[in-house]
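Next come the chains, spelled out residue by residue.
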Amino acid sequence: MIGKLQVKKTIFPALLACLLLCGCMGQVPSEAADFFAMDTAMTVLVYGEDAKAAVSETESLIEDLDRQLSIFNSDSEFYQFNTAGQVLLSSQNKALLEQALELARQTDGAFDPTIEPVVACWGFYGEEKHIPEEAQLQESLSRVGYSHLQMEGQLLSADISGVKLDLGGIAKGYASDRAVQALKDRGVTSAVLSLGGNVQVLGAKPGGKDWTVGITDPLDPGGQLGTVSVRDMAVVTSGVYQRYFEEDGIRYHHIFDAETGYPADSGLLSVSIVCPSGTLADGLSTALFVMGLEEAAQFWRTQPGEFDAIFVTQDGEIYITAGLEGVFSSSRSYEVIAP
Amino acid sequence: MKTRSWILLFVLLMALCAGVLLLRPRPQGQTTVCIYQDGQLLETIDLSQVEAPYTIPLTWKGSTNEITVSPGSIAVTWADCGCQTCVNHGPLQPGGMPIICLPNRLVIKWVQDPVVDAVA
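Residues numbered from 1 in each chain as written. Chains lettered and ligands numbered in written order. Predicted model: local features only at pLDDT ≥ 70, side-chain atom pairs only at ≥ 80, totals over all residues. Heavy atoms only, no water.

In this section: the overall build of chain A. A tally of helices and strands in chain A yields 9 helices and 17 strands. Over its C-alpha atoms, taken along the principal directions, chain A stretches across nearly 100 × 45 × 35 Å. Counting over 339 residues, chain A shows a buried share of 53%. Taking the average location of the 21 positive side-chain charges in chain A and that of its 46 negative ones, the two points are 16 Å from each other. (Helix = DSSP H or I, 4+ residues; strand = E, 2+ residues; numbered from the N terminus. Buried < 20%, exposed > 50% of the residue type's maximum accessible area, 1.4 Å probe, protein only. Lys, Arg positive; Asp, Glu negative; His and termini not counted. Charge placed at Lys NZ, Arg CZ, Asp CG, Glu CD.)

As structure tokens, this is what we get:
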């Protein structure tokens, strides 16, 4: 009798502990989807019991936003503005455009949502990218400038004809912000979205560790120059390797300077932005690339705590802003930009 | 009786530990890549099991990518797309961007990247 009691008192708790151990070692359910939208390859990975439905909803949301923001979809308000010169914007699109215009003002036009005529002139909307005739480029450039846009209530118009919008500089970041918010509303606490070069993570990894996000090496785009460890954060890179063509040994990339109408020649190869907002990270990665290292560093100093950045110069040197110390790791040497 | 109980307990614990070790989720896919076209999974290849190089021609809407699979390595080695970004990407690297051919909607990526959760 005593022996049986001992067996019950020792073996059963031990068995229970082992079963709990087995349970703890089980994986959190997850679901992933790979798809194309916004002219790029996207991956959404969601953890949790509701992952399958959440991934499906996220994919649908991003595809809806693609149609809503596309300048090639005749149903979109931005297409209608580009063809008719004016349009009544929905509240959602108006709010997004106001965000774009605020960013344009803050960066003094380094980010400009009216860059479309220049991008079209270089053929970056199609397969036939080319160096444009100078006269054609100057004509296109004359129609660029966010200050030409006028908003009266919901009515968007411009003070000269031929002004066109392209919100592609913030569309993917906006989509990841909206998707993350929708996931939060569903109760999801752990997810990672990779929309082209735009990454946005929700919460931490299952188990509580930070997400590890690689930063593409612009000199070897198949590899990475380092990683950042983040949670609830967007990480967005703009670089010369993403879209370009070469002619006579010169690379012409897709990040245009609205001052010159040419691909920005700022001494940088890539800029990665780390901040909680995907929209801001997306717009700033373009703007700071156009600014160049010195001006971008000064801009960062005027926005304490808003974002951090990783810069790679044409010499292959890496600079990070001070907020990324302890967050960024790399086997290569790098310099820290002080506040 | 007490000794027999402890022996029984020991044997059961050993059996359970062995079960946990055998059945626990293992890190899978760290050498395995997936080939997707237009979001559809076409092929899964464990690069550690590849013994000799071979090529996979993939045609999509009249355009072609040629993928070369070697022991431990995969790359797009030829494409008739205009940008050649997929060819210039070189071999798929741990911790690096997936190989993407936007015109032909082709993606080659690790099932589970051994280094990072995503790449920006």
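Attention now moves to the layout of surface pockets. Residues and elements named next belong to chain A. Of the volumes computed, that of the second largest pocket is approximately 270 Å³. Along the walls of the second largest pocket sit 16 residues, with Asp108, Gly109, Ala110, Ala258 and Glu259 positioned nearest its centre. Its residues assigned to classes, the lining of the second largest pocket shows 7 nonpolar, 4 polar and 5 charged. Residue contributions to the lining of the second largest pocket reach at least three from each of two domains, namely domain 1 (72-166) and domain 2 (210-337). (1 Å grid on protein atoms, 1.4 Å probe; cavity = no way out; pocket = protein on both sides within 12 Å on 5 of 7 lines; lining within 4 Å. Points joined across faces, edges and corners; volume = space filled by probe spheres on them. Nonpolar A, V, L, I, M, F, W, Y, C, P; charged D, E, K, R; others polar. Domains from an automatic or database assignment.)

Note that Ala118 of chain B resides in strand E8 (residues 118-119). The exposure class of Ala118 of chain B is buried, given its relative accessible area of 7%. The spacing of Ala118 of chain B and Gln93 of chain B is 25 residues in sequence and 13 Å in space, taken between C-alpha atoms. Setting aside its immediate chain neighbours within four residues, Ala118 of chain B contacts Val192, Val199, Thr212, Val213 and Gly214 of chain A. (Contact = heavy atoms within 4.5 Å.)

What follows concerns the pattern of salt bridges. All told, the structure shown has 13 salt bridges over all chains when counted by the stated rule. The salt bridge partner of Lys109 of chain B is Asp34 of chain A, with a shortest N-O separation of 2.7 Å. Of this pair, Lys109 of chain B sits in strand E7 (residues 106-110) while Asp34 of chain A sits in strand E1 (residues 30-37), placing the two residues on different chains. The closest approach of N and O atoms between Asp210 of chain A and Arg231 of chain A, which form a salt bridge, is 2.6 Å. With a gap of 21 residues between them, Asp210 of chain A in the loop between strand E7 (198-202) and strand E8 (211-217) and Arg231 of chain A in the loop between strand E9 (220-230) and strand E10 (233-239) connect regions that are remote in the sequence. By relative accessible area, Arg231 of chain A is classed as partly exposed at 40%. Salt bridges here are not isolated pairs; linked through shared partners, they connect Asp50, Glu57 and Arg186 of chain A. (Salt bridge = Lys/Arg side-chain N within 4 Å of Asp/Glu carboxyl O.)

Residue and element names in this part refer to chain A. Here chain A is partitioned into domain 1 (72-166) and domain 2 (210-337). Approximately 1,800 Å² of surface area, both sides summed, lies buried where domain 1 meets domain 2, with 75% of it carried by carbon and sulfur atoms. Counting the contacts that link domain 1 with domain 2 gives 0 salt bridges. On the surface where domain 1 and domain 2 come into contact, there are 2 residue pairs in polar contact (both at pLDDT 80 or more). Secondary-structure elements contributing two or more residues to the side of domain 1 that touches domain 2 are helix H4 (91-106), helix H5 (116-121) and helix H6 (134-141). Looking at the side of domain 1 that touches domain 2, the element that brings in the most residues is H4, giving 4 residues. Taken together, the residues of the side of domain 1 that touches domain 2 break down into 13 nonpolar, 5 polar and 3 charged. (Buried area = accessible area lost by both parts, 1.4 Å probe. Polar contact = N/O pair within 3.5 Å; in protein donor to acceptor, adjacent residues only side chain to side chain.)

To continue, consider the packing of aromatic side chains. All names here are of chain A. Here the structure, examined in full by the defined rule, presents 11 aromatic pairs over all chains. On the basis of an interplanar angle of 45° and a centroid distance of 5.6 Å, the ring pair of Trp122 and Phe256 is categorised as tilted. Remark: Phe256 occurs in the loop between strand E12 (250-253) and strand E13 (268-275) and Trp122 occurs in the loop between H5 and H6; sequence separation between them is 134 residues. Look at Trp122 and you get buried, because its relative accessible area is 0%. Owing to a relative accessible area of 6%, Phe256 belongs among the buried residues under this scheme. Where Phe328 meets Tyr334, the ring centres are 5.1 Å apart and the plane angle is 80°; that geometry is what we call edge-to-face. Each residue in the set Trp122, Phe124, Phe245, Tyr252, Phe256 and Tyr262 is aromatic and connected to the rest through ring pairs, giving one cluster. Here Arg251 stacks its cationic end above the ring of Tyr244, 3.8 Å away from the centre of that ring. (Phe/Tyr/Trp six-rings, centres within 6.5 Å; stacked < 30°, edge-to-face > 60°. Lys NZ or Arg CZ within 6 Å of the ring centre and 35° of its normal.)

On the surface, Ile7, Phe10, Val11 and Met14 of chain B cluster together to form a nonpolar patch covering roughly 410 Å² of accessible area. Take Val11 of chain B: it is sitting in helix H1 (residues 2-23). (Patch = residues over 30% accessible without salt bridge, like charges linked within 9 Å, V, L, I, M, F, W, Y side chains within 5 Å. Areas by Shrake-Rupley, 256 points an atom, 1.4 Å probe, with all protein chains shown as cover.)

A few words now on helix H2 (residues 51-69) of chain A. Residue and element names in this part refer to chain A. Between the first and last C-alpha of H2 there are 26 Å, a value that for 19 residues agrees with the 27 Å anticipated at 1.5 Å per step. If you check which residues of H2 are buried, you get Ala51, Ala54, Val55, Thr58, Leu61, Ile62, Leu65, Gln68 and Leu69. Projected down its long axis, H2 shows its buried positions confined to an angular sector of 150°, all on one face. As for H2, its buried residues are in contact with E1, strand E2 (40-47), helix H3 (77-84), H4, helix H7 (168-185) and strand E6 (190-195). (Expected span 1.5 Å × (residues − 1). Arc of directions from axis to C-beta.)

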